[in-house]
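Structural overview
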Amino acid sequence: MFGFANFLLLALFAAAAADLVLALCAASAGPGRARRALGWLWRDGHFLFGGWGAAWRARAGAALFTAGLCCYEVSVVFCNSMAREAWGWVQGALAPALDAVAFLCFAAKILLGTRYTWRELGVAGALYFIARWVHFNAHNIWWIGLVFAVLAAKDVQLEKPLQCFLLSGLAALALVMSLNAAGALPPPPELAAERNVTEIRGTYGYGHPNTFGGLVFGLTLAWGMLRARRPRWIDAGLTAAVGVFVLVGPASRTAGLSCLALAAGLAVCRLWGARPLPRAVPWLCAAAVPLLAAVSYLLPLGLVKDGPLWGDFGPEWLGRIDYVLTGRLSMIWMAYRLLDVKIAGQVVGTWPSVDNSFVFTLYQFGPVVAVLLAAGLIAALWGYARRQRRVEALCLLVMLAYAFMECQSFHLTTNPAALLLAGVVFVQPPRQWAGVCGKEAEIPPA
């Protein structure tokens, strides 16, 4: 991934240089030639490396994005299951091939299949430079994969890509579960001795119950996003059924509760109908980001170690919250005392386990990215709610709730809602965000 990350950065610099040369050549001679060329580049959307084949490049870009999304989903869902332990070729040959195809598709979409203004390209390029810098410090492949996908999602209506993402993910998940039921996959070696995991919590062919739960949640979230045009009662019912299964089968409470929250939100959207949202709703949605961030960072500060055992924390009310969250607060309390904060991120070990995406971002990716992500989420939630995209805003809110309890929110396969941030990354006004339903006119307020 380091090679792909460097290639994309260099290619974007080359594209900007080619843009400038072509614009200067196209501008008529005379006073202000350079100013006219720069003004056109700044204002008008255009393909990089020249405008040749504009019609088919736009269609090919959408197809490349869809193909990359499907290859990445299959690579994670199948190749990161226990199939990697059963057959060496899964990680040795299949996973690298799928990843290479996925990232080549994303890179081709970014460089050849998308129109940009220089304003969009400049801001997104600067953000990508920071993301790449952080990746080289943090060595987090999930992060750079998410960044590539979000950059490639510019101006793509997500409905068809999400349908393919959902179908390919379901097929890979069903294959892994079938192989596991047939006894073809070994049990996770690190969990084989844990009776509460192997007998009470099902892993279904994956290394941990929460891994399986996160993948199911990602597919459920994709299904919820696909219902953005018109949520139905059956959508809420099926989503709730998936949530109950995740709570009972792998007993992954974080993913199960998030699925149930999505089901409740879809039911509310169905009841609300086509009526416009109250004016306060966009602001309330945006306020969810700093509120959850504040709780994530500040709540563990109140813990006090009052005994020799791991669970001996006070005060009593905060200790009970920590118990309900299965030690997440005390792990953050420990991280505050053991880990340093690096401006551009760092490699963070497996202990203490920081299962909170807000705090995880601070340590793994650094405070700069933490602030940029918070700002992007605030803008996205406000923009989608302001445009009456209630289901898309709902999916982002549910993703935030999941992120409060897990750090898997940086996995594209667990968090396809991150693709909704493409419009924010390229500083487009909300009316230009493609999202799931395309560029629709907003519903006027009552």
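Above this text is the structure in question.
Throughout this description, residue numbers start from 1 for each chain and increase along the sequence as written. With the structure being a predicted model, the display of local features is reserved for residues of pLDDT at least 70 and the display and counting of side-chain atom pairs for 80 or more, all residues being used for whole-chain, interface and lining totals. Side-chain numbers come from the whole structure's heavy atoms, not from hydrogens or water.

Below, the discussion takes up the overall build of the protein chain. Across its full length, the protein chain holds 19 helices and 4 strands. Rg of the C-alpha trace for the protein chain: 23 Å, near the compact-globule value of 22 Å for 446 residues, within the 12% margin. Seen through its principal axes, the protein chain has C-alpha atoms that stretch 80 × 55 × 45 Å. Buried means the residue's accessible area, taken with a 1.4 Å probe over protein chains only, is under 20% of the maximum for its type, while exposed means over 50%, and partly exposed covers the values in between. The 446 residues of the protein chain split such that 51% are buried. Counting contacts in the protein chain only where the partners sit at least 6 residues apart, residues at least 24 apart contribute 74% of the total. Secondary structure elements are taken from DSSP: a helix is a run of H or I of four residues or more, a strand is a run of E of two residues or more, and numbering for both begins at the N terminus. What the globule rule says is 2.2 Å times the number of residues to the power 0.38, and the radius of gyration is computed from C-alpha atoms. Whether two residues touch is decided by their heavy atoms; if any such pair falls within 4.5 Å, the residues are in contact.

Lining residues are defined by having an atom within 4 Å of a point belonging to a cavity or pocket. Those points lie on a 1 Å grid over the protein atoms alone, cavities being sets where a 1.4 Å probe fits but cannot get out and pockets being open sets with protein on both sides within 12 Å along at least five of seven lines. Grid points are joined across faces, edges and corners, and a volume is the space filled by probe spheres set on the points. In this model, the largest pocket occupies a volume close to 1,300 Å³. Residue lining of the largest pocket: 42 residues in total, with Ser353, Asp355, Glu406, Cys407 and Gln408 positioned closest to the centre. In the scheme used here, Gly and all other residues not listed as nonpolar or charged are polar, with Ala, Val, Leu, Ile, Met, Phe, Trp, Tyr, Cys and Pro taken as nonpolar and Asp, Glu, Lys and Arg as charged. In terms of residue class, the lining of the largest pocket is made up of 17 nonpolar, 18 polar and 7 charged. Approximately 730 Å³ is the volume attributed to the second largest pocket. For the lining of the second largest pocket, the secondary structure elements donating two or more residues are helix H6 (118–138), helix H7 (141–152), helix H13 (280–298), helix H16 (357–364), helix H17 (367–386), helix H18 (390–405) and helix H19 (422–425). With 7 residues, H17 is the single largest residue contributor to the lining of the second largest pocket. A class-by-class count of the residues in the lining of the second largest pocket yields 29 nonpolar, 5 polar and no charged.

For the rest of this paragraph, the subject is H18. One fewer than the residue count of a helix, multiplied by 1.5 Å, yields its expected span. For H18, built from 16 residues, the straight-helix expectation of 22 Å at 1.5 Å per residue is met to within 8% by its first-to-last C-alpha distance of 23 Å. Counting buried positions along H18 gives 14 out of 16 residues, so the element sits mostly inside the fold.

Here we take up a nonpolar patch on the surface. Taken together, the side chains of Trp52, Trp56 and Leu112 make up a nonpolar region of the molecular surface, amounting to roughly 330 Å² of accessible area. Topologically, tryptophan 56 is positioned in helix H3 (residues 54–79). When its relative accessible area of 47% is taken as the criterion, tryptophan 56 is described as partly exposed. Nonpolar side chains (Val, Leu, Ile, Met, Phe, Trp, Tyr) within 5 Å and like charges within 9 Å form the patches, drawn only from residues with over 30% relative accessible area and no salt bridge. The Shrake-Rupley method, run with a 1.4 Å probe, gives the accessible areas here. Residue values count only the displayed protein chains as cover. Take a side-chain nitrogen of Lys or Arg and a carboxyl oxygen of Asp or Glu: if they are within 4 Å of each other, that pair is a salt bridge.

In this section: empty space enclosed by the protein. Here the structure, examined in full by the defined rule, presents 3 cavities of 30 Å³ or more. Of the pockets and cavities examined, the largest cavity occupies roughly 80 Å³. Lining the largest cavity we find 14 residues, and of these Ala153, Ala422, Gly423, Ala434 and Gly435 sit closest to its centre. The calculated volume of the second largest cavity comes to roughly 60 Å³. Looking at the lining of the second largest cavity, the element that brings in the most residues is H6, giving 4 residues. Counted by class, the lining of the second largest cavity contains 8 nonpolar, 1 polar and no charged residues.

Counting across every chain of the model gives 9 salt bridges. In this structure, the salt-bridge partner of lysine 154 is glutamate 120, at a minimum N-O distance of 3.2 Å. Taken together, the positions of lysine 154 in the loop between H7 and helix H8 (159–181) and glutamate 120 in helix H6 put the pair 34 residues apart, joining distant regions of the chain. Across the salt bridge formed by aspartate 235 and arginine 227, the nearest N and O atoms sit 2.9 Å from each other. You'll find aspartate 235 and arginine 227 in the same group, each marked buried. Residues participating in the shared-partner salt-bridge network are Glu120, Lys154 and Asp155.

With respect to the helices, strands and loops of the structure, threonine 414 is situated in the loop between H18 and H19. Non-local contacts of threonine 414, meaning those with residues more than four positions away in its chain, are made with Gly214, Leu215, Phe217, Gly218, Leu221, Tyr402 and Gln408.

The next thing to look at is the packing of aromatic side chains. Note on aromatic contacts: the rings of Phe and Tyr and the six-membered ring of Trp form a pair at centre separations within 6.5 Å, being stacked when their planes are under 30 degrees apart, edge-to-face when over 60 apart, and tilted otherwise. Enumeration according to the criterion identifies 23 aromatic pairs in this entry. Taking 5.9 Å as the distance between ring centres and 85 degrees as the angle between the ring planes, the aromatic pair formed by phenylalanine 360 and phenylalanine 365 counts as edge-to-face. Take phenylalanine 360: its relative accessible area is 13%, and that puts it in the buried class. Classification of phenylalanine 365 as buried rests on a relative accessible area of 0%. Taken together, the ring pairs in this structure connect Phe4, Phe65, Tyr72, Phe103, Phe106, Tyr128 and Phe148 into an aromatic cluster.

Right, let's get into unusual backbone geometry. For the bond running from glycine 314 to proline 315, omega is -5 degrees, close enough to zero to count as cis. In this fold, proline 315 is placed in the loop between strand E4 (313–314) and helix H14 (316–324). Phi is positive for histidine 139, close to 55 degrees, though the residue is something other than glycine. A positive phi angle, near 65 degrees, is found at aspartate 155, a position not held by glycine. You can see aspartate 155 is positioned in the loop between H7 and H8. For aspartate 155, a relative accessible area of 34% corresponds to the partly exposed category.

The terminal C-alpha atoms of H7, which comprises 12 residues, lie 17 Å apart, in line with the 16 Å expected from a rise of 1.5 Å per residue. Extensive coverage of H7 is indicated by the burial of 10 of its 12 residues. N-capping of H7 is provided by asparagine 140, with a side-chain oxygen placed 3.0 Å from the backbone N of tryptophan 142. Polar contact is defined as a pair of N or O atoms within 3.5 Å, subject to the rule that within protein one atom must be able to donate a hydrogen and the other to accept it, and that residues adjacent in sequence are counted only when both atoms are side-chain atoms.

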